[in-house]
Amino acid sequence: MSLSALQARLGNRLLPNESLSRYTAARLGGPAEWLYIARESLDELCEVVLEAWADDLPVQVMGGGANVLVSDKGIPGLVVINDISEIAFGDWHDGRTVSATSGVNLTVFAHKCASKGFAGMEWAVSVPGTVGGAIVNNAGAHGSDTAASVADVVVLEPTGPKLYTREDLDYGYRTSTLKRRADRRFLVLLATFCLPPDDSEAIKARMAHNIDYRKRTQPPGASLGSIFKNPPGDYAGRLIEAAGLKGQRIGNVIVSPVHANFFINEGEAKAADYRALIEKVQAEVERQFGVHLEPEVEFLGTWD
């Protein structure tokens, strides 16, 4: 069964030629050839993705729409917005205490864990994105990351579901085995975590501290999150500011005067301007300091 045939059954959960601007954190980007919004079940999600692969269509999962820059020309193939949100708490083997589907919002996950008295996800409060994106990218903040607590992950591949252990994922700074895969034919379905018990109020206090710090140091507005990875022994934001690039703009995209590693869409910005500003900042930091800043954002779709 093709995606066109599935459309009759899935209705407005599977849409052709759908603009992606409302689904990205920076509020920009062109259309998806096909957009699937997964809400019903993991079984339906697997059915749609496997059908796209059978039709030789590329599949791109966007999660919360952070850390991705979608081309103005859009994305060929199938784009998945995963809204399947299920969390379970238990006392499983080898310290596994929590499981979550890949569509769970990170902030929701952090609050749920805190309310149940499980520590380890305080870093994720107010971090945009989903559990699935965090698994692939080893998302992190406030001195911790996904790798610190994930136990194993169920991943859909063209041959069916496969279990990855934490060791299989081979985590590094903002990377993993999945992130480094060239074929991109995989989809994170479910993850289990080893989160230790702690006093719920103490966990919530640490989360409140992280929220306050984020509000004080990161700018409001439509952005992609951190644009560049921090180079070894330094901070991307410090280098950009030292290069005199705060406030630099191309079109309606500006290097934030609050935190230089955030670029803000001030309204009706183009993805091409966003990318041009990224490349301009890269070139100037390398010219002044000899440091090549590696983008943390992923460029999706068709680019000139």
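Throughout what follows, the structure given in this document is the object of discussion.

Conventions adopted
- Residues numbered from 1 in each chain as written.
- Predicted model: local features only at pLDDT ≥ 70, side-chain atom pairs only at ≥ 80, totals over all residues.
- Heavy atoms only, no water.
- Pairing = 2+ DSSP bridges.
- Helix = DSSP H or I, 4+ residues; strand = E, 2+ residues; numbered from the N terminus.
- Buried < 20%, exposed > 50% of the residue type's maximum accessible area, 1.4 Å probe, protein only.
- Contact = heavy atoms within 4.5 Å.
- Phe/Tyr/Trp six-rings, centres within 6.5 Å; stacked < 30°, edge-to-face > 60°.
- Axes fitted to C-alpha atoms, helices over the stretch in contact; angles between N-to-C directions.
- Parallel < 35°, antiparallel > 145°, perpendicular 65-115°, else oblique.
- Nonpolar A, V, L, I, M, F, W, Y, C, P; charged D, E, K, R; others polar.
- Core = buried A, V, L, I, M, F, W, Y, C linked by side-chain atoms within 4.5 Å.

Take the sheet that holds strand β14 (residues 249-250) next. Across a sheet, paired strands are connected by hydrogen bonds in the backbone, their directions being either parallel or antiparallel. The strand order β13-β16-β15-β14 describes an open sheet built from 4 strands, whose pairing is antiparallel. What marks the edges here is a single partner per strand, and that holds for β13 (222-223) and β14. Where β14 meets strand β15 (residues 253-255), 2 bridges bridge the pair, whose relative direction is antiparallel. Paired with Ile-250 across the two strands is Val-253, which belongs to β15.

Secondary-structure assignment places Gln-60 in strand β3 (residues 59-61). A relative accessible area of 16% means that Gln-60 is categorised as buried. Ignoring sequence-local partners within four residues, the contact set of Gln-60 consists of Leu-78, Val-79, Val-80, Glu-298 and Leu-300.

Turning our attention to the pairing of strand β12 (residues 187-193). Within β12, 6 of the 7 residues are buried, leaving the element largely enclosed by the surrounding structure. Looking at chain direction, strand β7 (residues 98-101) and β12 are connected through 4 bridges and run antiparallel. Of the residues in β12, the one forming a bridge with Ser-99 is Thr-192. Pairing analysis gives 6 bridges linking strand β10 (residues 150-157) to β12, with the strands arranged antiparallel. Across the sheet, residue Asp-152 finds its bridge partner in β12, namely Thr-192.

As a further point, take the packing of aromatic side chains. This model, assessed by the stated rule, comprises 5 aromatic pairs. Ring geometry for Phe-89 and Phe-118: centres 5.7 Å apart, planes at 10 degrees, overall stacked. In this pair, Phe-89 sits in strand β6 (residues 87-89) while Phe-118 sits in the loop between α3 (106-115) and α4 (131-137), placing the two residues 29 residues apart along the sequence. The class of Phe-118 is buried, set by a relative accessible area of 14%. Ring geometry for Phe-228 and Phe-263: centres 6.3 Å apart, planes at 75 degrees, overall edge-to-face.

It is worth spelling out the packing of α3 against helix α7 (residues 200-217) at this point. Interhelical geometry of α3 versus α7 gives an angle of 150 degrees and a closest axis separation of 8 Å. The angle between α3 and α7 falls in the class roughly antiparallel. Here α3 contributes Ala-110, His-111, Ala-114 and Ser-115 to the contact with α7, which in turn contributes Ser-200, Ile-203, Lys-204 and Met-207. Residues of the contact of α3 with α7, tallied by class, amount to 4 nonpolar, 3 polar and 1 charged.

Moving on, we get to the nonpolar core. Ranked by size, the top nonpolar core spans 36 residues in total, and within it Phe-109, Met-121, Val-131, Ile-135, Val-153, Leu-178 and Phe-193 carry the most contacts. The set of elements that each furnish at least two residues to this core consists of β7, α3, α4, β10, β12 and α7. It is α3 that provides the largest number of residues to this core, a total of 5 residues. Listed in part, the 24 residues of the second largest apolar core include Leu-69, Ala-260, Ala-269 and Val-281.

Note that every value here comes from positions in space, so none of it alone points to a role or purpose.
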